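# Summary of the model geometry
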Amino acid sequence: MRTNPPLDKRYDAVVVGGRCAGAATAMLLARQGLRVLAVERGRYGSDTLSTHALMRVAVLQLSRWGVLDQVIAAGTPRVRETSFHYEDEVTKVPIKARDGVDGLYAPRRSLLDALLVDAAVESGATVLHETRVLDLVREPGGRVAGVVVQSPGGEPVQVEAGILVGADGRSSTVASKLRAAINHRGRFSSAVIYGYFTGIERTGYHFLYGPSTSSGVIETNPGEDGSPQLCVFAAMSDRRFLERERFDLEAGFERVLRESSPRLAEEVAGAHRVTPLRGFAGTIGYFRQSWGPGWALVGDAGYFKDPITAHGITDALRDAELLARAVAAGTEGALADYQEERDAISRDLFDATDAIASYDWSMEEVQSLHLRMSKAMGPELEIVKAWEELALSA
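Okay, so let's go over this structure.

This part takes up the overall build of the chain. Within the chain, the secondary structure is distributed over eleven helices and 19 strands. The globule rule puts the C-alpha radius of gyration for 394 residues at 21 Å, and the 21 Å found for the chain is close to it. Per-residue burial over the chain gives 55% buried out of 394 residues. In the chain, the proportion of contacts linking residues at least 24 apart, taken out of those at least 6 apart, comes to 73%.

So, about the sheet that holds strand β16 (residues 286-288). Pairing is antiparallel in the open sheet, where three strands are placed in the order β9-β16-β19. The sheet is open, and its two edges are formed by β9 (182-185) and β19 (303-304), each paired on a single side. With three bridges joining them, β9 and β16 adopt antiparallel strand pairing. By the bridge assignment for β16, R185 is matched with Y286. Along the sheet, helix α10 (residues 332-357) contacts β9, β16 and β19; its crossing angle with β16, the most-contacted strand, is approximately 175°.

Tallied over the entire structure, the rule returns one cavity of 30 Å³ or more. By volume, the largest cavity is sized at about 40 Å³. Forming the boundary of the largest cavity are G18, R19, E40, R43, Y44, G45, S46, D113, A114, V117 and H129. Sorting elements by how many residues they give to the lining of the largest cavity places helix α4 (residues 109-122) first, with three residues. Broken down by class, the residue content of the lining of the largest cavity amounts to three nonpolar, four polar and four charged.

Another aspect to go through is the layout of surface pockets. In this structure, the largest pocket spans a volume of roughly 1,000 Å³. If you trace the largest pocket, you find 44 residues lining it, with T48, L49, G169, R170 and D300 closest to the centre. Looking at the lining of the largest pocket, the elements that each hand over two or more residues are α1 (20-31), β2 (36-40), β6 (132-138), β10 (190-198), β13 (229-237), β19 and α9 (312-329). It is α9 that contributes the most residues to the lining of the largest pocket, five residues altogether. Of the residues in the lining of the largest pocket, the class split is 19 nonpolar, 13 polar and twelve charged. Its volume calculated, the second largest pocket comes out at about 750 Å³. M55, F84, V93, S374 and M377 are, among the 28 residues lining the second largest pocket, the residues nearest its centre. Counting residues per element, the ones that place at least two in the lining of the second largest pocket are α2 (56-65), β3 (81-86), β4 (89-94), β11 (205-210) and α11 (363-393). No other element matches α11, which puts nine residues into the lining of the second largest pocket.

Cut-offs used in this document
Residues numbered from 1 in each chain as written. Predicted model: local features only at pLDDT ≥ 70, side-chain atom pairs only at ≥ 80, totals over all residues. Heavy atoms only, no water. Helix = DSSP H or I, 4+ residues; strand = E, 2+ residues; numbered from the N terminus. Rg over C-alpha atoms; globule rule 2.2 N^0.38 Å. Buried < 20%, exposed > 50% of the residue type's maximum accessible area, 1.4 Å probe, protein only. Contact = heavy atoms within 4.5 Å. Pairing = 2+ DSSP bridges. Axes fitted to C-alpha atoms, helices over the stretch in contact; angles between N-to-C directions. 1 Å grid on protein atoms, 1.4 Å probe; cavity = no way out; pocket = protein on both sides within 12 Å on 5 of 7 lines; lining within 4 Å. Points joined across faces, edges and corners; volume = space filled by probe spheres on them. Nonpolar A, V, L, I, M, F, W, Y, C, P; charged D, E, K, R; others polar.

Right, dumping it as structure tokens:
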């Protein structure tokens, strides 16, 4: 069990949020020599809602940061193939060894977030859990100068910061207190019912599509007994979920699975579910204004797209590095460039994901949207590879 260390009065950077975006940002800033504090309201090593799947960019970053070996050592299966099922048609995409990546991974967040926190601490950052932000501290001209946090003991503590980073998710306290504007908003959101199962003979990533529904199987970390566990989800429009399926998750899960893939529904019916089903109605995606005098936003706090395309963790790690590089530059112009570059490399992925989340497509149309997404992943991979080359030459 990790205990919270004492607080200092001032840090070069305070990061609010200690999950994948916040922990990665804190780690990278600390590795640049900054005195960093990260505060997280949740418990160390706790789980959270997640699609789990890492794309090639995220795996490359974790490898370069020295975290991937620990992900693998924890028993996270190597994913060697992604399968897209369009009713009776299946497209299999082998994960070829290139760019320093020989497979993909889908770790549980209780593992990934904890490993990134550990890496941040080992890099020199101070990380506090079960610690909430109460308010922001501002200079007379309005510049953000720190935060007031509430420790697990309940007392408020004011901490000064050279820069404040909000990495506290979709319901970001930092973004709310900053009144950060939404610069672009999507139109649709998908709803999901999901659980964890053993006894399903599938490996890798499987994304399955039927008329106005989808489902997925993502191989993740084994259970305590070593048996393979898979996250199985059933997805639909948020309207359908709110009007019907949320009232009986068990029946809704079975219905949507059967509509998207009768074969998967049969496999799941014969499997063992190891967790209760959970359902959520989703959130329409957005790009927020993500920088200002003394502050920045990263991860879902600044940019969120529907989870149906399982790119959220990859976005978070990519943007953590993009922001850390901007903070190291030390100018507001660099922060503005961070937001501009993030938006430019994300927009095609965002728009394609938003269209998929509408659940108003034919099989041919959703295949075309997936091809569009695949093409859009190229530029972000090239950017991250360029960062790696710069690091190696430094």
